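Chain residues, written in single-letter form:
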Amino acid sequence: MANDGNLLQRYIALQKALLSSLRLKDVLDAAVIQFSELAGGAKVAFFLSDNESMSFKLMAAKGYGERTLEQLRIVPFNLDGLLKYVVQQRAAVSSNDPDSAPELSAAIMKREGSQGQIALPLISANLLVGAVLMDVNNAGILAYIDFYKEVADVTALAVANSILFGRSEYERERLNTLYKTSCALSGSVLQVNDVLQIAADTAVILANTPCCAVLLLNESGDRFHLAAFKGLEGSSLGEFELGFNESIAGSALRNRRTEILGEGTRQPYGMPRATGGSTFHTVVALPIIHNDLSVGVLEVYSTEARAFHKEQIELLESLAQQVGTALTVALTHQTAAQQSALDVHTGLYNRLYFDDALLKEVERSGRHKHELGLLLIDIDHLGQINEHLGQDKGDDAIRHVAAVIRSTLRDIDIACRYGGEEIAVILPETPQTNVYEVAERVRQSVKDHTAPGIGTLTISIGVSAYPGIAANADELLIGAQQALDVAKFEGRDRVRMVRLTANLKPGEVSWIDLANQARLAVISERQTRLQSRLTVAPEYASWLTATPSVVGRKKPGGQD
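Quick notes on the rules
- Along each chain, residues carry numbers from 1 onward, in the same order as the chain's sequence is written.
- Reporting of local features is limited, given that this is a predicted model, to residues whose pLDDT is at least 70; pairs of side-chain atoms are given and counted only at 80 or more, and all residues count toward the totals for whole chains, interfaces and linings.
- By convention in this description, side-chain values take in all heavy atoms of the structure and omit both hydrogens and water.
- Each helix corresponds to a stretch of at least 4 residues labelled H or I by DSSP, and each strand to a stretch of at least 2 residues labelled E; elements are numbered beginning at the N terminus.
- Residue exposure (1.4 Å probe, protein chains only): buried if accessible area is under 20% of the type maximum, exposed if over 50%, otherwise partly exposed.
- Here a residue-residue contact requires only that any non-hydrogen atoms of the pair lie within 4.5 Å.
- Accessibility throughout is a Shrake-Rupley quantity obtained with a 1.4 Å probe, and a residue counts as covered only by protein chains that appear here.
- Residues grouped as a nonpolar core are buried Ala, Val, Leu, Ile, Met, Phe, Trp, Tyr and Cys residues, joined through side-chain atoms within 4.5 Å.
- Any Lys or Arg side-chain nitrogen located within 4 Å of an Asp or Glu carboxyl oxygen qualifies as a salt bridge.
- Think of it this way: DSSP has to see at least two bridges between two strands before they count as a pair.
- Lines fitted to the C-alpha atoms define the axes, with helices restricted to the stretch that makes contact. Angles between their N-to-C directions range from 0 to 180 degrees.
- In this description, a disulfide is simply a cysteine sulfur pair whose atoms lie within 2.5 Å.

Caption draft 1: Local environment of the overall build of the protein chain. Within the protein chain one finds 15 helices and 16 strands. Across the 560 residues that make up the protein chain, the buried fraction comes to 48%. Restricting to contacts in the protein chain with at least 6 residues of sequence separation, those with at least 24 account for 64%. Approximately 27800 Å² of the protein chain is accessible, and the part contributed by carbon and sulfur atoms is 51%.

The structure is reproduced here in structure tokens:
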């Protein structure tokens, strides 16, 4: 322990350090260092009170081991330890005997090998702002507990000021974000995809989380479509409960209010996982309603329990209201505009729309540093269906595949009739690592849904991605076409993705050579099929080459 003169100097240094910044992180970092030095190198942990969850949250620490830090990450107010008595008595407490100390304190003291533990309240304006926990190497330091309580009072004032400053800065920043979003949504009539992207981008900022989703209610009102999302694991989307009656989204719309899971009532279920596979512990579902019309639900997720505060939820509710208005206008406008952009046979967008959309989406992805995927889909053996079952069944097969593909994709995805039996799908904001998963899900879905009057259909899919594989729209389209040729060449009913030269194994055929070989094989197959048709055609039309003859009418009585 330092002498009194040195202690006073350090106390003054502590005050200067605490008052030198209004940023909470700076204040806490300075406090941890100064407390440790004042207590002769003690291990120190700083907590802030979370009155909503009735717990202390660890904000800064020095000296503790990883296991202890994990144990201290969230400490409920009622957990048996010295911090519990800080909450109950609003006074400093200490212990120098692990055997008589409360359970949590005893476990930490034994693990850390400390000679004593001190818990100090951080009180400002009669409010418990937080607490300080110290494990000391010298039991004699416990005698100075009143001095450390005075130091904690000074620290509490600095912490409270930084929290108020940070909250005002946070609110100003978030309100500014909400204002800019409002301007973006109301400035002009936007396409639905634009509204969805603005909604998702703003939600992650306001909620301070990387994970969110926008769900739109279908026309029948019994199920949601996953229209847009951020930070969700692609392989887990099949676990997403999207039924109106079973989901938290449906509950939010039915009750016309925000619904929260993970606040201690029950854990979220029927949810996807975060990118990387982590499960969510908090989910907030905000209804998107316009003039009593149920449009959908905005959901935000966190892997931490009790992650969202009241202020954040209020801002998100304002966002949901604005999104409801903008989506209603955009959907109305889209209904009229789509009439000229849709393929009348499949309900998908037509080729002209695709050509324009691909350029726009690539440009937008480049501007916002997002990734983009492209699928080219070919219906396997459609020519045989036309020959054996008739052209009408061939058209039914195309419509069936288009409907299955559309139901498998997000609303933000763009599915287009690219050619006679080919469908192109643009996947905005889709990481390259997830594009193949989407393609495989589409392929399997088509195979699983039997076409009435036709049977099981299969598709081949070529996949490319921007900017990881292709540098522009032309390269993206060429790559997807090459991959489609390879998928057909290798036997159909499969997904193939462009392979970069750097990823080829020793001895493997280069991608260009494989693509050229596949292209020649596809062309040869088409020519063979065409030649077969030409050979058979004269038999079907033999009456055209027959010698004309006149059939005379028989005279009465059998005379000529």
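Back to the text.
Caption draft 2: Layout of the nonpolar core. With 39 residues, the main nonpolar core has L375, I377, I405, V425 and I461 as its most contacted residues. Residue contributions to this core peak at six residues, all from helix α12 (residues 391-408). Residue contacts for I377: discarding those within four places in its chain leaves I405, E421, E422, I423, V425, V442, I459, S460 and I461. Membership of the second largest hydrophobic core comes to 34 residues, among which are L185, V300, L316 and A326.

Caption draft 3: Main features of the pattern of salt bridges. Under the criterion given, the structure shown has 25 salt bridges. A salt bridge links K149 to D153; the nearest nitrogen and oxygen atoms lie 2.8 Å apart. Of this pair, K149 and D153 both sit in helix α6 (residues 145-186), separated by four residues, roughly a single helical turn. On the basis of relative accessibility, which here comes to 32%, the residue D153 falls in the partly exposed class. Its salt-bridge partner being D380, residue R492 comes within 3.9 Å of it at the nearest N-O pair. One end of the pair, R492, is in the loop between α14 (473-489) and β16 (495-497); the other, D380, is in the loop between β12 (372-379) and α11 (382-389), and 112 residues separate them in sequence. R492 gets classed as buried once you look at its relative accessible area, which sits at 14%. For D380, a relative accessible area of 5% corresponds to the buried category. Ionic contacts of the salt-bridge type, sharing partners, join the residues E440, R443, K447 and D493 into one network.

Caption draft 4: Region of interest: the sheet that holds strand β6 (residues 127-136). Pairing within the open sheet is antiparallel, and its six strands lie in the order β3-β2-β1-β6-β5-β4. Here the strands that pair on one side only, and so sit at the sheet edges, are β3 (74-76) and β4 (93-95). Here the average twist between neighbouring strands, direction ignored, is 25°. Here seven bridges tie strand β1 (residues 43-50) to strand β2 (residues 55-62), and the two strands are oriented antiparallel to one another. Paired with L48 across the strands is K57, a residue of β2.

Caption draft 5: Here's a closer look at the pairing of strand β10 (residues 282-290). Burial runs high along β10: eight of the nine residues are buried. As defined by bridge partners, strand β9 (residues 259-261) adjoins β10 across three bridges and the pair is classed as antiparallel. Bridge pairing in β10 links E259 to A285. With nine bridges connecting them, β10 and strand β11 (residues 293-302) associate as antiparallel partners. From the neighbouring strand, A285 faces β11, where its bridge partner is E299.

Caption draft 6: Representation of the sheet that holds β10 in the model. Taken together, the five strands give an open sheet; going across it, the order is β8-β7-β11-β10-β9, and neighbouring strands pair in antiparallel fashion. Of all strands in the sheet, those with a lone pairing partner are β8 (224-230) and β9, marking the two edges. Going from strand to strand, the sheet's axes swing by 20° on average, the running direction of each strand aside. Direction of pairing for strand β7 (residues 211-217) relative to β11: antiparallel, over a ladder of six bridges. From the neighbouring strand, C212 faces β11, where its bridge partner is V300. Sitting on the sheet, helix α8 (residues 248-255) touches β7, β8, β9, β10 and β11, and the angle it makes with β10 is about 45°.

Caption draft 7: Structural view of the state of the cysteines. Applying the stated criterion to the full structure yields zero disulfides. No disulfide involves C211; its sulfur sits 8.0 Å from the nearest other cysteine sulfur, which is in C212.

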